[in-house]
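# What the coordinates show
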Amino acid sequence: MLSIDPTENTERENYKFLIGSIIPRPIAFVTTISKDGVLNGAPFSYFNIVSSNPPMISLSIQRLSGKQKDTARNIIESKQFVVHIVDEENVEKINKTAASLAPEQSEIELANLTPVESVKISVPGVKEAKIRMECSLEHSLELGSLDTTGCDFIIGKVVQFHIKNEIYENGRIDPRGLAAVSRLAGNNYAKIGEVFEIERPK
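### A short note on a nonpolar patch on the surface
- A cluster of nonpolar residues, Phe-161, Ile-163, Tyr-168 and Ile-173, forms a patch on the protein surface that exposes about 360 Å² of accessible area.
- Assignment of secondary structure puts Phe-161 in strand β10 (residues 151-163).
- Classification of Phe-161 by relative accessible area gives partly exposed; the value is 47%.

So this is what it looks like as structure tokens:
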């Protein structure tokens, strides 16, 4: 077995080890509004649950050459954002939003997504997602060497859930109906495959 010291690697080598090892990763499609009123959208696979009481999620938004991404800047300025679950039906459109656009350009328009009003925050979501979560900013942390790489670590509190009726049954979300896709390494994604059950010990 290889034994590797990450301090002796380049940032890119460590990145490849992490994204190739920590799989599959759920994908959040995040909408935000800039101070100029532009609706921004971008996918992130450094995303997960933080807490269920209160309901909170986390996003890690990597910086490029130390420069903060539009999504992180918009969240920190407005204190609001919407997280959508990426699924088999919307992944092609969501992938288009990963393009590098100027801050005054909207990825939502580029991908031909449909904005939909939120209930408790001013940031719209998109209609094409089966699940979306309106979030308010709980905490933001600057991590790493911010002058070169680093990231903005965002913790958001979910203030409103939106779930498509067809996938919600008896208080549970049907994983096959949701058909979420996950991120692997490179250009690879994965679908929900075989589902199996193991009883947890008491």
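### A short note on the sheet that holds strand β3 (residues 39-44)
- On the basis of which strands lie adjacent, the open sheet formed by 7 strands has the order β3-β2-β6-β9-β10-β5-β4 and antiparallel pairing. Two strands bound the open sheet, and with one partner strand each, they are β3 and β4 (47-52). Here the strands of the sheet are splayed against their neighbours by 35° on average, with no regard to which way each runs.
- Note that strand β5 (residues 55-62) and β10 share 7 bridges and pair antiparallel. Counterpart to Gln-62 in the pairing with β10 is Cys-151.

### Quick word on the environment of Lys-16
- Checked against the element boundaries, Lys-16 lands in helix α1 (residues 11-21).
- Residue classification places Lys-16 among the exposed residues on the basis of a relative accessible area of 52%.
- Each C-alpha atom of the pair Lys-16 and Lys-69 lies 21 Å from the other, and the pair is 53 residues apart in sequence.

So, how was this worked out
Residues numbered from 1 in each chain as written. Predicted model: local features only at pLDDT ≥ 70, side-chain atom pairs only at ≥ 80, totals over all residues. Heavy atoms only, no water. Patch = residues over 30% accessible without salt bridge, like charges linked within 9 Å, V, L, I, M, F, W, Y side chains within 5 Å. Areas by Shrake-Rupley, 256 points an atom, 1.4 Å probe, with all protein chains shown as cover. Salt bridge = Lys/Arg side-chain N within 4 Å of Asp/Glu carboxyl O. Helix = DSSP H or I, 4+ residues; strand = E, 2+ residues; numbered from the N terminus. Buried < 20%, exposed > 50% of the residue type's maximum accessible area, 1.4 Å probe, protein only. Pairing = 2+ DSSP bridges. Axes fitted to C-alpha atoms, helices over the stretch in contact; angles between N-to-C directions.

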